[in-house]
Amino acid sequence: MTRVIFDCDPGIDDTYALIYLAAANHAGELELDCVTTTAGNVEAEQCAQNAAFVLAQCGLTTVPIAAGVPGPLEVELTTTPETHGETGLGYITAPQRHVDTDWDLLWIDAIERGTEDLHLIVTGPMTNLAAFARLHPQHFHALRHITAMGGAVNYPGNTTPTAEWNFWVDPHAAAEVFNIARTPITLCPLNATEQMLLEPRRLQGVVDKLGQAPIAANLAEITRFYFEFHQEVGEGYRAQIHDLLTVLIALDKVESTVCLTTLDVEPTSALLRGTVAADLRGMWEREPNARVVEQADVAGAWAEFERACEIHAQFAAGDAGLAAGYHRKAED
Ligand code: BDR
Ligand code: CA
């Protein structure tokens, strides 16, 4: 069965990815092996609290969760309260919960159980992945399926004119990972993920489909902040749900077109920090290190997410014993 290590920085669009993964786990479509967090949208520890809260609200309390490296490899951590709110979950504050320590041991356990069906999906800065490669190079190179959200490939950035947020926050990590990768990494850049737009009407449909699942009661307040942010920056009262699309692409749940290429990330230049250069004409004569997603079937992606919401509703309303256990766990 497909197993997933989800490395994220929730974060509002990361939250949608967690909701999807929890549903697929409930349905037995995959096993969510562990969730680890990077410092990005908020600090790594806060991201872990947020992930624990979201998963609990989705009725999933058995997945190990741990905070990863506390900050970028070489630059100061910058967080983004204006985009995801002070807590990282918009207008919602996650209660404090117990989370695991030793994030890298969670990855090692997962890898040692086999890598054929194991997907590592990264939707925050690449700090943990780069640190893992330094600490455990053999385990890093054993990973066969890595998918990441990041970068803008010959496309306007969302943080500087040329850089996307995840790559800009820890440009050294992104550069290092692509420099050492032996198996091409599937990269979901802004080019594709900005098309994954959520509007208020669709959100209402999502909340309705979630039924009695506890997350349904919080999702609108989490997302309202994100809608307002996008409106403030001129994108309209809607939101780009980058990380959900990334997870769906990683798991092959949506049609997409990809381009196999070699890319590099600029770590140091003040103007070009976090900018991706892609060798689309093969002029560097280097082995490909990336499968860059160019386009994805966004309508299909939303349909798949809505199917996941229905799974949550069924799970929450399941037989009396199951539903009772579910609500008890969600309130823990
Ligand atoms: C990425 O940056 C973060 O703010 C989002 O969670 C997403 O992973 C988009 O640039
Ligand atoms: Ca993210």
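As the structure is a prediction and not an experimental result, all values here were calculated from the model. (Residues numbered from 1 in each chain as written. Chains lettered and ligands numbered in written order. Predicted model: local features only at pLDDT ≥ 70, side-chain atom pairs only at ≥ 80, totals over all residues. Heavy atoms only, no water.)

Quick word on the packing of helix α12 (residues 242-250) against helix α13 (residues 298-316)
Each pair of packed helices can be described by the angle between their axes along with the distance between the axes.
For step 1, the next point in the chain: Across the interface, α12 lies against α13 with an axial gap of 10 Å and an inter-helix angle of 90°. Regarding the angle of α12 to α13, the classification is roughly perpendicular. Residue-level inspection shows Leu244, Leu245 and Leu248 of α12 in contact with α13, the latter providing Ala301, Trp302, Glu304 and Phe305.
For step 2, the next point in the chain: The residue inventory of the contact of α12 with α13, partitioned by class, reads 6 nonpolar, no polar and 1 charged. (Axes fitted to C-alpha atoms, helices over the stretch in contact; angles between N-to-C directions. Helix = DSSP H or I, 4+ residues; strand = E, 2+ residues; numbered from the N terminus. Parallel < 35°, antiparallel > 145°, perpendicular 65-115°, else oblique. Contact = heavy atoms within 4.5 Å. Nonpolar A, V, L, I, M, F, W, Y, C, P; charged D, E, K, R; others polar.)

Focus on the nonpolar core
For step 1, the next point in the chain: Formed by 69 residues in total, the largest nonpolar core has its most connected members in Phe6, Leu32 and Val35.
For step 2, the next point in the chain: Residue contributions to this core peak at 10 residues, all from helix α1 (residues 12-26).
For step 3, the next point in the chain: Core analysis: the second largest hydrophobic core is formed by 39 residues, Val122, Ala133, Ala148 and Val292 among them. (Core = buried A, V, L, I, M, F, W, Y, C linked by side-chain atoms within 4.5 Å. Buried < 20%, exposed > 50% of the residue type's maximum accessible area, 1.4 Å probe, protein only.)

Observations regarding the confidence of the model for the protein
For step 1, the next point in the chain: With 96% of its residues at a pLDDT of 70 or more, the protein has an overall mean of 95.
For step 2, the next point in the chain: Confidence over residues 319-332 falls short of pLDDT 50; this stretch has 19 contacts with residues more than four positions distant or in other chains. (pLDDT = per-residue confidence, 0-100.)

Comments concerning the packing of aromatic side chains
For step 1, the next point in the chain: For the coordinates displayed, the defined rule picks out 9 aromatic pairs.
For step 2, the next point in the chain: Pairing Tyr91 with Phe225 gives two aromatic rings, centres 5.2 Å apart and planes at 65°, and the pair type is edge-to-face. With Tyr91 in the loop between α3 (81-84) and α4 (103-112) and Phe225 in helix α11 (residues 216-232), this residue pair connects regions lying 134 residues apart in the sequence.
For step 3, the next point in the chain: With a centroid separation of 5.0 Å and an interplanar angle of 45°, the aromatic rings of Phe227 and Tyr237 are classed as tilted. Remark: Tyr237 occurs in the loop between α11 and β8 (239-240) and Phe227 occurs in helix α11; sequence separation between them is 10 residues.
For step 4, the next point in the chain: An aromatic cluster is built from Tyr16, Trp302 and Phe305, whose rings are joined through pairwise contacts.
For step 5, the next point in the chain: Over the face of the ring belonging to Tyr91 we find Arg224, whose NZ or CZ atom lies 4.1 Å from the ring centre.
For step 6, the next point in the chain: Between the NZ or CZ atom of Arg273 and the centre of the ring of Trp168, over which it lies, the distance is 3.8 Å. (Phe/Tyr/Trp six-rings, centres within 6.5 Å; stacked < 30°, edge-to-face > 60°. Lys NZ or Arg CZ within 6 Å of the ring centre and 35° of its normal.)

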